[in-house]
Amino acid sequence: MKFTAFERNLQGTGASRRLRNSGKAPGIVYGGTGQPQLIELDHNALWHALKKEVFHSSILEMDLAGKSSKVLLRDVQYHPYKQQIVHIDFQRVEANTKLHMKVPVHYKGAEESQAVKLEHCLVNPVVTELDISCLPADLPEFIEVDLSGLKKGTSLHLNDITLPKGVKAVTHGKPNPVLVSVVTPAAEESAETAAAAEGAAAPAADAKAAPAKAAAGKDAKAAPAKDAKAAPAKAPAKKCFFSSSLRRQGSRKGPHPRAFFLARSPPLSRIIG
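Since the structure is predicted, the reported quantities are computational estimates derived from the model, not experimental observations.

Caption draft 1: Quick look at the sheet that holds strand β11 (residues 155-157). Within the open sheet, the 3 strands sit side by side as β8-β13-β11. Their pairing is antiparallel. Here the strands that pair on one side only, and so sit at the sheet edges, are β8 (122-125) and β11. Strand-to-strand twist of the sheet, defined as the mean angle between neighbouring strand axes without regard to direction, takes the value 15 degrees. Pairing analysis gives 4 bridges linking β8 to strand β13 (residues 178-183), with the strands arranged antiparallel. Bridge pairing in β13 links leucine 122 to valine 183.

This is how it looks when you write it as structure tokens:
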């Protein structure tokens, strides 16, 4: 992909602000054997070029002052809320120097896989960009991955795919990262969980019911025994009726009832004689 850049002589915050107000975007080119060079680009043309994926992941051909050079896009700074490019960085490319950059991953064939077509699972892409190292001539625009062999309960790892010739993946300490995972739908998973819970609850309910029935039988047998034991305990309560009546009468005003019986009884000498 080709684009045109122009030399920029002025630098600084004020100069860059005036440049952006005039419809230009400030930038810089560095790397390689040359010195860093300030450049400026047409803002609208650059804005539309940045919307293309190939502009981010492939070697670009820059035309500057009548000379063509190969560069890579390294950084873009955008305004926080305006549709405006604040600054852009490019790096020169040398044919014998390996590149280290990220390229997009394109997935295809998921609709034809067994996991989606027959088992109604969801394919969840975990990695959308892959960090690679290669020579400029071997740099791919993207890496295509076929997902037609996915099945339920499986996942696709980095070692399961074939990288383009001369390309090496940089995993940053992860030997075999996951690229794609197969997820079971939430409704189906909840139904399986509910069925398993019901199957586990049935034996538990029977186990709990057995002690309850045994306890009920013991209560039924213990009820007559309790009534039989309680009957003699109520019998002495009748003996207390007279004494309770005496206590009620003694609570009234006047002589105690026992004094009345003592006064009416004959003397002890008459009973003996």
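Caption draft 2: View of unusual backbone geometry. In the Ramachandran plot, histidine 120 falls in the positive-phi region, its phi being about 55 degrees despite a non-glycine side chain. Tracing the chain through its elements places histidine 120 in the loop between α4 (114-117) and β8. Judged by its relative accessible area of 54%, histidine 120 falls in the exposed class. For histidine 172, which is not a glycine, the phi torsion comes out positive at approximately 55 degrees. Along the chain, histidine 172 falls in the loop between β12 (168-169) and β13.

Caption draft 3: Structural context of the sheet that holds strand β7 (residues 99-108). What the 4 strands build is an open sheet, ordered β10-β7-β9-β12; its pairing is mixed. The sheet is open, and its two borders are formed by β10 (143-146) and β12, each paired with just one other strand. Examined bridge by bridge, β7 and β10 share 4 bridges and lie parallel to one another. Residue pairing across strands places valine 105 opposite isoleucine 143, the latter belonging to β10.

Caption draft 4: Representation of the pairing of β7 within the structure. Bridge analysis of β7 against strand β9 (residues 129-134) gives 6 bridges, and the strand direction is antiparallel. Within the sheet, the bridge partner assigned to lysine 102 lies in β9 and is aspartate 131.

Caption draft 5: Main features of the layout of surface pockets. For the largest pocket, the calculated volume is near 250 Å³. What lines the largest pocket is simply Glu53, His56, Ser57, Leu73, Arg74, Asp75, Val76, Met101, Lys102, Pro104 and Glu129. For the lining of the largest pocket, the secondary structure elements donating two or more residues are α3 (54-57), β5 (67-78) and β7. Element by element, the count of residues in the lining of the largest pocket is highest for β5, at 4 residues. Class assignment of the residues belonging to the lining of the largest pocket gives a composition of 4 nonpolar, 2 polar and 5 charged.

Calculation notes
Residues numbered from 1 in each chain as written. Predicted model: local features only at pLDDT ≥ 70, side-chain atom pairs only at ≥ 80, totals over all residues. Heavy atoms only, no water. Pairing = 2+ DSSP bridges. Helix = DSSP H or I, 4+ residues; strand = E, 2+ residues; numbered from the N terminus. Axes fitted to C-alpha atoms, helices over the stretch in contact; angles between N-to-C directions. Buried < 20%, exposed > 50% of the residue type's maximum accessible area, 1.4 Å probe, protein only. 1 Å grid on protein atoms, 1.4 Å probe; cavity = no way out; pocket = protein on both sides within 12 Å on 5 of 7 lines; lining within 4 Å. Points joined across faces, edges and corners; volume = space filled by probe spheres on them. Nonpolar A, V, L, I, M, F, W, Y, C, P; charged D, E, K, R; others polar.

No statement about biological role is implied by the geometric values presented.
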